Amino acid sequence: MSVFRIDCGYQNYDWGKIGSSSAVAQYAAASNASTKIDESKPYAELWMGTHPSVPSVAVDVAEGKSTLRELIGASPEKYLHQSIIDKFGSSKELPFLFKVLSIEKVLSIQAHPDKQLAAQLHKQAPQHYPDDNHKPEMAIAVTDFEGFCGFKPLQELAVTLQTIPELNEIIGAETVEEFVSQIKPEAEIGSSDDVANRKLIQKVFGKLMNTDESVIQAKAKSLVERTSSDPELFKKIDSRLPSLIQRLNKQFPDDIGLFCGCLLLNHVDLKVGEAMFLQAKDPHAYISGDIIECMAASDNVVRAGFTPKFKDVENLVDMLTYSYESVEKQKMPLLPFAKAHGQAAKSVLYNPPIAEFAVLQTIFDKANAVQQHDSFDGPSIVICTNGTGNIKVDGSDIKKVETGYVYFVAPGVPIELESTSDDFTTYRAFVEADI
Ligand SMILES: [Zn+2]
């Protein structure tokens, strides 16, 4: 069989949305009718793929239960394609892991190493860095979403450092003065001025991250009080800041993330369908909302704040790119895709600058419309996030799709998506050796 349903497992991390308010819980229950949603539990992540800790189970393919991982391992040319095996080196696993995240509380501020640094960190400290792969991630908003992504533009950082007394005191008047007087906001990327700008951000960030915990806690208390006593001060920088700081302080009281996240990083709002790609070595965190996430198969995370877990401050301060682009530049372009055509109201390709994955969104605005996907040269996974429809294989084999259903599509198989409701919406993660 070349197109079949998979039953996807989930993770109850404590930052997840609770009970049936979570898209993850809704999709997991649709995916497997025996899943009973516990209204007191968080449902954080739905995992679609071959990761050994939560492998998806193929439905109605073999007698008994077979995981997608086992099926692929038994027939890698059929399910992965030789070009994918050659390029990514595994005949058991998909190069990507596809997820849905339902976020109630902020996740840790983090960055991921590139391939070269991942190999080095894994060798030095395998207890903290479990594999030698990079972990590029892409997030597409399924509901309104907010997150942190990359350092703020230089001018905004300068104003923030000068305006917020607690941050100014942690960084120190001398370093703030050096930053404000020496930044060159007009520098071209890659120029010597740009390199110097990044060094200035690194100095500020390094000072913050190396400040004593007791000092951070005292300054954080004062900072939070100031959001009530003088909210206008914060609104000079960003009108959302006072409430953001108060909200995240309830989740992680007196945490360093209030400074490194709320004050130094871009606060990104994504509307439904907007996406951001998280470059290697760029700091980021998810704050709230439901997203579709696609990532390369890896678990390498270096953390900075909003976490009780290990923070590798030395490697973190050393590794970041310190790029300082605006929020708009952090968002991904929405592209057309020649292999998708037909009557769908929207067909959008999200194609990050890495080889492991791309995601194709298809949205219908009427029932009984059809969208063709030509055959892809690699494996793919389709999830329905809204409405109902069918997947037709060979024009005749009709597979029913409901919200939360997930299908695996083998390489080389053209499919048709057919809407049976006026809001049928799918996301298809795929990899091709040459896209
Ligand atoms: Zn991440």
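Residues numbered from 1 in each chain as written. Predicted model: local features only at pLDDT ≥ 70, side-chain atom pairs only at ≥ 80, totals over all residues. Heavy atoms only, no water.

As named in an unreviewed UniProt entry, the protein is Mannose-6-phosphate isomerase, taken from [Candida] railenensis. In the Sequence similarities (unreviewed entry) part of its UniProt record, the protein is described as follows: "Belongs to the mannose-6-phosphate isomerase type 1 family." Entered under Function (unreviewed entry) in the UniProt record, the comment concerning the protein runs "Involved in the synthesis of the GDP-mannose and dolichol-phosphate-mannose required for a number of critical mannosyl transfer reactions." (UniProt positions renumbered as here; feature names shortened; annotations may be inferred.)

Asks: Can you explain the sheet that holds strand 16 (residues 340-342)? Please cite residues and give values.
Replies: If you walk across this open sheet you meet the five strands as 16-19-24-21-22, and the pairing is antiparallel. Edge positions in the open sheet fall to strand 16 and strand 22 (397-401), since each of these has one partner strand only. Across this sheet, the average inter-strand angle for adjacent strands is 25°, counted without regard to direction. Pairing of strand 21 (residues 389-393) with strand 24 (residues 415-419), which is carried by five bridges, proceeds in the antiparallel orientation. Within strand 24, the residue paired with Lys-392 across the bridge is Glu-416. (Pairing = 2+ DSSP bridges. Helix = DSSP H or I, 4+ residues; strand = E, 2+ residues; numbered from the N terminus. Axes fitted to C-alpha atoms, helices over the stretch in contact; angles between N-to-C directions.)

Asks: Before we move on, could you go through the environment of Ala-173 and cite the residues and values that matter?
Replies: Structurally, Ala-173 can be placed in helix 8 (residues 173-182). Judged by relative accessible area, Ala-173 falls into the exposed class, the value being 58%. (Buried < 20%, exposed > 50% of the residue type's maximum accessible area, 1.4 Å probe, protein only.)

Asks: Tell me about the pattern of salt bridges, and please be specific about residues and values.
Replies: For the structure on display, the rule yields 21 salt bridges. The shortest N-O distance in the salt bridge between Asp-194 and Arg-198 comes to 3.1 Å. Of this pair, Asp-194 and Arg-198 both sit in helix 9 (residues 192-209), four residues apart, roughly one helical turn. Put simply, Glu-418 and Lys-392 hold a salt bridge, and the shortest N to O gap is 3.6 Å. Note that Glu-418 is positioned in strand 24 and Lys-392 in strand 21, a separation of 26 residues in sequence. Relative accessible area serves as the criterion here: at 17%, Glu-418 is assigned to the buried category. Owing to a relative accessible area of 16%, Lys-392 belongs among the buried residues under this scheme. It is possible to trace a salt-bridge network through shared partners that takes in Asp-238, Arg-240 and Asp-269. (Salt bridge = Lys/Arg side-chain N within 4 Å of Asp/Glu carboxyl O.)

Asks: Describe the sheet that holds strand 18 (residues 358-363), and please don't skip the residues or the numbers.
Replies: An order of 7-6-1-23-20-25-18-17 is seen for the eight strands of this open sheet, with the pairing classed as antiparallel. A strand with exactly one partner marks an edge of an open sheet, and here the two such strands are strand 7 (66-67) and strand 17 (346-350). For strand 20 (residues 380-386) and strand 23 (residues 406-409), the ladder comprises four bridges, and the chain directions are antiparallel. By the bridge assignment, Ser-380 is partnered in strand 23 with Val-409. Here helix 1 (residues 23-31) sits on the sheet in contact with strand 1 (3-7) and strand 20, set at roughly 120° to strand 1. (Contact = heavy atoms within 4.5 Å.)

Asks: Outline the coordination of the zinc ion, supporting the account with residue identities and numerical values.
Replies: Metal coordination angles have textbook ideals: 109.5 degrees for a tetrahedral set of four donors and 90 or 180 degrees for an octahedral set of six. In the first shell of the zinc ion, the protein supplies Gln-110 (OE1), His-112 (NE2), Glu-137 (OE) and His-284 (NE2), at 2.1 to 2.4 Å from the metal. In the primary structure, the donors to the zinc ion are separated according to the pattern Q-x1-H-x24-E-x146-H. One end of the pair, Glu-137, is in strand 10 (residues 137-141); the other, His-284, is in strand 14 (residues 284-296), and 147 residues separate them in sequence. With respect to burial, Glu-137 and His-284 carry one shared label: buried. (Donors = N, O, S within 2.8 Å, 3.2 Å for Na, K, Ca; no water.)

Asks: Mind laying out the packing of aromatic side chains, listing which residues take part and the relevant values?
Replies: Per the stated rule, a full pass over the model turns up 14 aromatic pairs. Consider the rings of Phe-337 and Phe-376, whose centres lie 5.8 Å apart with planes at 80°: the pair is edge-to-face. Here Phe-337 is found in the loop between helix 15 (327-330) and strand 16, whereas its partner Phe-376 is found in the loop between strand 19 (370-373) and strand 20, with 39 residues between them in sequence. Across the pair, exposure class does not vary: Phe-337 and Phe-376 are buried alike. Aromatic pair Phe-376 and Phe-430: ring centres 4.6 Å apart, planes at 50°, arrangement tilted. Here the residue Phe-376 occupies a position in the loop between strand 19 and strand 20, and Phe-430 occupies one in strand 25 (residues 425-430), the gap between them amounting to 54 residues. Each member of the pair, Phe-376 together with Phe-430, is buried. Aromatic rings pair up to connect Phe-4, Tyr-79 and Phe-408 into one cluster. For the cation-ring pair, Arg-428 lies above Phe-376, with the distance from its terminal atom to the ring centre recorded as 3.8 Å. (Phe/Tyr/Trp six-rings, centres within 6.5 Å; stacked < 30°, edge-to-face > 60°. Lys NZ or Arg CZ within 6 Å of the ring centre and 35° of its normal.)

Asks: I'd like to hear about the environment of Leu-154, residue by residue, with values.
Replies: You can see Leu-154 is positioned in helix 6 (residues 154-163). Taking C-alpha positions, Leu-154 is 12 Å from Leu-263, a pair spaced 109 residues apart along the chain. Ignoring any residue separated from it by four or fewer positions in sequence, one finds Leu-154 in contact with Phe-179, Ile-183, Lys-184, Pro-185, Asn-197, Ile-201 and Tyr-324.

Asks: Lay out helix 10 (residues 213-229) in plain terms, naming residues and giving numbers.
Replies: When the terminal C-alpha atoms of helix 10 are compared, their 24 Å separation across 17 residues agrees well with the 24 Å that a helix rising 1.5 Å per residue should span. Taken residue by residue, helix 10 has Ile-216, Ala-220, Leu-223, Val-224 and Thr-227 as its buried positions. Considered in projection along helix 10, the buried side chains sweep an arc of 95° and stay on one side of the axis. Set apart from the buried face of helix 10 by more than 90 degrees, the exposed residues are Glu-225, Ser-228 and Ser-229. (Expected span 1.5 Å × (residues − 1). Arc of directions from axis to C-beta.)

Asks: Explain helix 8 to me, using residue names and the numbers behind them.
Replies: All buried positions along helix 8 are accounted for by Thr-175, Val-176 and Phe-179. Buried residues of helix 8 fall within an arc of 100° about the axis and therefore sit on the same side. Residues of helix 8 that are exposed and point more than 90 degrees away from the buried face comprise Ala-173 and Glu-174. Structurally, helix 8 contributes buried residues whose contacts are with helix 6, helix 7 (165-171) and helix 9.

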